[in-house]
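Residues per chain are reported as follows:
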Amino acid sequence: MKQLISDIEIIPHNVHTNDSVDKHVLSKNTYTGKSRKLFIETYGCQMNFSDTEIVTSIMREQGFDTTDNPDAADVIFLNTCSIRENAELKVRNKLQYFNALKNKKPSLLIGVLGCMAERLKAKLLEEEKTVDLVVGPDAYRDLPNLLAEADEGHKSVNVFLSREETYADINPVRLTGDGVSAFISIMRGCDNMCSFCVVPFTRGRERSRDMYSILTEAKHLFENGYREVTLLGQNVDSYKWATPEGNTIKFATLLEEVARIHPDLRVRFTTSHPKDMTDDVLHVMAKYENICKYIHLPAQSGSNSVLERMNRSYTREWYLQRIHAIRDIVGQDCGISTDLIAGFCNETESEHQDTISLMNEVKYHFAYMFEYSERPNTPAAKKLHDNVPPEVKNKRLKEIISLQNQHSLQINKKEIGKIHKVLIDGYSKKSSEQMRGRTSQNTTVVFPKGNYQKGQYVFVKIHDCTQGTLFGTVV
Ligand code: SF4
């Protein structure tokens, strides 16, 4: 599975609570100002982003307000990513910057949360003297105790990985700020052991969240004006929840139950795994108009020998059979994206060309594309050699990116003249005269704002495009 990666994203959070809003939808528009201030910065993937919403809720219960100004903070949290080396380097650089703040304000507390905290554990306290607490992804309930320890001058660590924890009873504080789309984490951890991946070591074993708590959260979001939910998991296809009556709820059932909440609630999910994605999920997608026709299906490589070294548990042929199933059952225009790694251990030029030919065969809407970055203590680091020279990795990555850009543009050009149903989620980044939203296939559409509002559905006729965006007019 892709680790839900979108490359390093730094998001300062400015969150306040408003108890008048339904308890399940904590928004960010009241500020008590009496209490201590928390500055929290999130790196990495949507799962980490969703965790930051849970951490903010736990801290709010402790009377913390949040600020987006680190200089005004009493406590600073970095919710970190460990997926590639440079993800951790960015955190270390940031800690240097916060060290200066701490010299000015000795009472300032600094906490490192997330995957880097879990990977390095107490060692991080030795390596980074600025850090007061190290907290892994399953230990956020312990934050109040750890902070109390730190307030008394004790450095504290909790990196216990749980087999049960899903934070199902904690109401995330919504941070997207658009009031239209929200993440709902449906499971945690991953039982796959892809040889290049740190996630099984930083997020532990898979556990699925109680379906009814997920449905309750989705219903409350809809009742509070949200019009899109994204169901999050490292591998949503292995969602499996045992009901108190002893029945097993699998992902297709959960997906259908969320879709049935209301036809105006769009449903997305990420991330799927080629070896586990079954046709019943695809049939449920085809049955409900409000389940978006978009799937993120990481391939990582197009070569069977590389897939074997990656321990991905499927072959190129199996992967392509899944792509055909998506297009046969959900529709030829279903949006498909992927993850690709260039320059994995021992990768030959012909194995690289297998990835290129896979891209030409599938033609993805878009892709997350990276050079292989060896992660300590992963099976690949222990058993294989990171022996593809950096310049070769870079050349192969460039080739993959340029081919993907061509495909994205070709695909978008085919949309010119068509009409798409678009959920508006805000103004265009480039002009306040234009609104922005996404198609069911997850492509961004920009159009003149008229009197349209966020959260509204409009039908847009496409008249132009770039590789990343469609341009049109509401019809
Ligand atoms: S081990 Fe594999 S499936 Fe699990 S998060 Fe990592 S890449 Fe995805």
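Residues numbered from 1 in each chain as written. Predicted model: local features only at pLDDT ≥ 70, side-chain atom pairs only at ≥ 80, totals over all residues. Heavy atoms only, no water.

Explain the overall build of the chain residue by residue, including any values.
A count of helical and extended segments in the chain gives 14 helices and 22 strands. Here the C-alpha atoms of the chain give a radius of gyration of 22 Å, agreeing with the 23 Å that 2.2 N^0.38 yields for 475 residues. Its C-alpha atoms give the chain principal-axis dimensions of about 60 × 55 × 55 Å. Contacts in the chain between residues far apart in sequence, at least 24 positions, make up 73% of those at least 6 positions apart. If you sum the accessible surface of the chain, you get close to 18800 Å²; carbon and sulfur atoms cover 51% of it. Considering the chain, the positive charge centre built from 61 side chains and the negative charge centre built from 62 side chains are found 3 Å apart. (Helix = DSSP H or I, 4+ residues; strand = E, 2+ residues; numbered from the N terminus. Rg over C-alpha atoms; globule rule 2.2 N^0.38 Å. Contact = heavy atoms within 4.5 Å. Areas by Shrake-Rupley, 256 points an atom, 1.4 Å probe, with all protein chains shown as cover. Lys, Arg positive; Asp, Glu negative; His and termini not counted. Charge placed at Lys NZ, Arg CZ, Asp CG, Glu CD.)

Just give me the short version of the domain arrangement of the chain, but keep the residues and values in it.
In terms of domains, the chain is made up of domain 1 (5-158), domain 2 (326-414) and domain 3 (419-474). Each of domain 2 and domain 3 was reduced to a C-alpha centroid, and the two centroids are 29 Å apart. Facing 10 residues of domain 2, the contacting portion of domain 3 comprises nine residues. Together domain 2 and domain 3 conceal approximately 680 Å² of surface at their shared face, both sides included; 52% is due to carbon and sulfur atoms. Our enumeration of links across domain 2 and domain 3 arrives at zero salt bridges. Run the count over domain 2 and domain 3 and you get four residue pairs in polar contact (both at pLDDT 80 or more). No other element matches the five residues that helix α14 (residues 390-413) contributes to the side of domain 2 that touches domain 3. Class assignment of the residues belonging to the side of domain 2 that touches domain 3 gives a composition of three nonpolar, five polar and two charged. (Domains from an automatic or database assignment. Buried area = accessible area lost by both parts, 1.4 Å probe. Salt bridge = Lys/Arg side-chain N within 4 Å of Asp/Glu carboxyl O. Polar contact = N/O pair within 3.5 Å; in protein donor to acceptor, adjacent residues only side chain to side chain. Nonpolar A, V, L, I, M, F, W, Y, C, P; charged D, E, K, R; others polar.)

Before we move on, can you summarise the packing of aromatic side chains with the specific residues and values?
Under the defined criterion, the tally for this structure stands at 12 aromatic pairs. Taking 5.9 Å as the distance between ring centres and 80 degrees as the angle between the ring planes, the aromatic pair formed by F49 and F183 counts as edge-to-face. Pair noted here: F49 is in helix α1 (residues 46-61) and F183 is in strand β8 (residues 181-185), with a separation of 134 residues, a long-range link. Judged by relative accessible area, F183 falls into the buried class, the value being 17%. (Phe/Tyr/Trp six-rings, centres within 6.5 Å; stacked < 30°, edge-to-face > 60°. Buried < 20%, exposed > 50% of the residue type's maximum accessible area, 1.4 Å probe, protein only.)

An account of the packing of helix α7 (residues 211-223) against helix α8 (residues 251-259) is needed here, citing residue identities and associated values.
Between two packed helices, the angle of one axis relative to the other and the distance separating the axes together describe the packing. One way to put it is that α7 packs onto α8 with a least axis distance of 10 Å and a crossing angle of 25 degrees. With respect to their mutual orientation, α7 and α8 come out roughly parallel. In the crossing of α7 with α8, the sense of the turn from one axis to the other is right-handed. From α7, M211, I214, L215 and A218 reach across to α8, where they touch L254, E257 and V258. Here the contact of α7 with α8 is built from residues that sort into six nonpolar, no polar and one charged. (Axes fitted to C-alpha atoms, helices over the stretch in contact; angles between N-to-C directions. Parallel < 35°, antiparallel > 145°, perpendicular 65-115°, else oblique. Left-handed = near helix turned anticlockwise from the far one by under 90°.)

I'd like a description of the side chain of N48, backed by residues and values.
With respect to the helices and strands, the residue N48 is situated in helix α1. Within polar-contact distance, the side chain of N48 engages the backbone oxygen of Y43 at 2.9 Å. With residues near it in sequence (within four places) discarded, N48 still touches T42, Y43, N79, T80, C81 and R203.

Go over the pattern of salt bridges with me, naming the residues and quoting the values.
One pass over the full model with this rule turns up 39 salt bridges. Taken together, the shared-partner salt bridges connect D51, D138, R188, R203 and R207 into one network.

Run through the sheet that holds strand β21 (residues 457-465), naming residues and quoting values.
Spatially, β18-β19-β20-β22-β21 is the arrangement adopted by the five strands of the closed barrel, whose pairing is mixed. For this sheet the average axis-to-axis angle between neighbouring strands, irrespective of direction, equals 55 degrees. Note that β21 and strand β22 (residues 469-474) share five bridges and pair antiparallel. Note on β22: the bridge partner recorded for C465 is L470. (Pairing = 2+ DSSP bridges.)

Lay out the sheet that holds strand β15 (residues 294-296) with the relevant residues and their values.
If you trace the three strands from one edge of the open sheet to the other, you get β15-β16-β17, paired in parallel fashion. Every interior strand has two partners, whereas the edge strands, β15 and β17 (366-371), have only one. The average undirected angle you get between the axes of adjacent strands in this sheet is 10 degrees. Pairing of β15 with strand β16 (residues 335-342), which is carried by three bridges, proceeds in the parallel orientation. Its bridge partner lying in β16, H296 is registered against S337. Contacts from α14 reach β16 and β17 within the one sheet, and its direction differs from that of β17 by about 175 degrees.

How would you explain the nonpolar core if you had to name every residue and give the values?
L231, Y239, F251 and L255 are the most contacted members of the largest nonpolar core, which has 59 residues in total. Apart from residues no more than four positions distant in its own chain, F251 is found in contact with I186, L231, V236, D237, Y239, F269 and V281. With 37 residues, the next largest nonpolar core counts V112, C190, V198 and C345 among its residues. (Core = buried A, V, L, I, M, F, W, Y, C linked by side-chain atoms within 4.5 Å.)

Any details on the environment of P144? Residues and values, ideally.
In this fold, P144 is placed in helix α5 (residues 143-151). Distance from P144 to E61, taken between C-alpha atoms, is 9.4 Å for residues 83 residues apart in sequence. Not counting residues within four places of it along the chain, the set of residues in contact with P144 comprises I58 and Q62.

Would you mind going over helix α12 (residues 349-362) in detail, with residue names and values included?
For α12, built from 14 residues, the straight-helix expectation of 20 Å at 1.5 Å per residue is met to within 8% by its first-to-last C-alpha distance of 20 Å. Among the residues of α12, those classed as buried are E351, H352, T355, I356, L358, M359 and V362. Considered in projection along α12, the buried side chains sweep an arc of 155 degrees and stay on one side of the axis. Looking at the buried residues of α12, the elements they touch are α10 (304-309), α11 (316-329), β16 and α14. Backbone geometry just after α12 places K363 at a positive phi near 55 degrees. (Expected span 1.5 Å × (residues − 1). Arc of directions from axis to C-beta.)

Account for the state of the cysteines, with residues named and values stated.
This model, assessed by the stated rule, comprises zero disulfides. With no disulfide of its own, C334 lies 9.9 Å from the sulfur of C292, the closest cysteine sulfur. Take C334: its relative accessible area is 1%, and that puts it in the buried class. (Disulfide = S-S within 2.5 Å.)

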